[in-house]
Amino acid sequence: MTATGDWIDDLPDAGDDLERSSTAERVADLLRGHIINGALAPGARLSEERLGRKFRVSRNTLREAFRLLGHERLLVHEFNRGVFVAKPGAEDVVDMFRMRRALELAAVRSGPQAPAEAVGTVGAAVEQGEGARAQGDWEGIGTANMAYHRAIGGLLGSPRVDETMRQLLAELRLAFHVMAAPRDFYAPYLDRNRAIYELLAAGSFDTAAEELAGYFDIAENQLVRAFTAPPRA
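Rules used in this analysis
- Residues numbered from 1 in each chain as written.
- Predicted model: local features only at pLDDT ≥ 70, side-chain atom pairs only at ≥ 80, totals over all residues.
- Heavy atoms only, no water.
- Phe/Tyr/Trp six-rings, centres within 6.5 Å; stacked < 30°, edge-to-face > 60°.
- Lys NZ or Arg CZ within 6 Å of the ring centre and 35° of its normal.
- 1 Å grid on protein atoms, 1.4 Å probe; cavity = no way out; pocket = protein on both sides within 12 Å on 5 of 7 lines; lining within 4 Å.
- Points joined across faces, edges and corners; volume = space filled by probe spheres on them.
- Helix = DSSP H or I, 4+ residues; strand = E, 2+ residues; numbered from the N terminus.
- Nonpolar A, V, L, I, M, F, W, Y, C, P; charged D, E, K, R; others polar.

- As annotated in an unreviewed UniProt entry, the chain carries the name GntR family transcriptional regulator and comes from Streptomonospora halophila.

## Regarding the packing of aromatic side chains
Now for step 1: Evaluated as defined, the whole model comprises seven aromatic pairs.
Now for step 2: Members of the aromatic cluster, each reached through a chain of ring pairs, are Phe-97, Phe-176, Phe-185, Tyr-186, Tyr-189, Tyr-215 and Phe-216.
Now for step 3: Of note, Arg-100 hangs over the ring of Phe-97, and the distance from its end group to the ring centre comes to 5.0 Å.

## Topic: empty space enclosed by the protein
Now for step 1: The full count for this structure, using the stated rule, is two cavities of 30 Å³ or more.
Now for step 2: Quantified by volume, the largest cavity comes out at close to 70 Å³.
Now for step 3: Every residue along the wall of the largest cavity is listed here: Phe-97, Arg-100, Asn-145, His-149, Phe-176, Phe-185, Tyr-186, Tyr-189, Tyr-215 and Ala-219.
Now for step 4: Per element, the largest residue contribution to the lining of the largest cavity is three residues, and it comes from helix 9 (residues 182-201).
Now for step 5: Classifying every residue of the lining of the largest cavity gives seven nonpolar, two polar and one charged.
Now for step 6: By volume, the second largest cavity amounts to about 50 Å³.
Now for step 7: Residue contributions to the lining of the second largest cavity peak at four residues, all from helix 7 (residues 138-153).
Now for step 8: The residue makeup of the lining of the second largest cavity, split by class, is six nonpolar, three polar and no charged.

## A short note on the layout of surface pockets
Now for step 1: Taken as a whole, the second largest pocket holds about 230 Å³ of empty space.
Now for step 2: Every residue along the wall of the second largest pocket is listed here: His-71, Glu-72, Arg-73, Glu-91, Asp-92, Asp-95, Met-96, Met-99, Thr-164, Gln-167, Leu-168 and Glu-171.
Now for step 3: Listed by contribution, the elements that provide at least two residues to the lining of the second largest pocket are helix 5 (90-109) and helix 8 (159-176).
Now for step 4: No other element matches helix 5, which puts five residues into the lining of the second largest pocket.
Now for step 5: When grouped by side-chain class, the residues that make up the lining of the second largest pocket number three nonpolar, three polar and six charged.

As structure tokens, this is what we get:
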């Protein structure tokens, strides 16, 4: 993934729905989704002209979408240079994991009150990740991992938490780009995702929360070390 504008041509077309609605919220949702899927890397420049053609929306709509995503810490505006995908750092990682613990651990512990289909959604995300591993698609595993944690948040059955998780996971996916070897980073968490899901399915919610807490400790330490390691010669 480069930080040039070439990635814009690789994005899927927005479709007729966006052309009809032409809302900044919808454009922001599309761009946020591309960040979650790993299509937009930190530092990528967003061209108003090219994205306007791609999504078939006006520059005013794009600028409003950029403003919304700026409030979510996903984009930054640099004077006389343009709009870029944000580059989170170690302090951002620590704060993101602080929020993840508050939301996801509470969601797991509330499992007995979760919507009937919510645990199944967690399992579907686990299978998505395992399917990507079988194909050697390590970026796909990253996308499945985002779906998994969004499904964990979904155990609370709260639309507000769902929205917050989507924004948080988009920022987290940007942080994941610091890991030079996606396979080595993602692979161990697939089995952990499976183990936590099986605990949820068995109704062992407190044990699942303990496992997830340990999972967060390991992942946070990995990311912080990657951000603070001295540059290689």
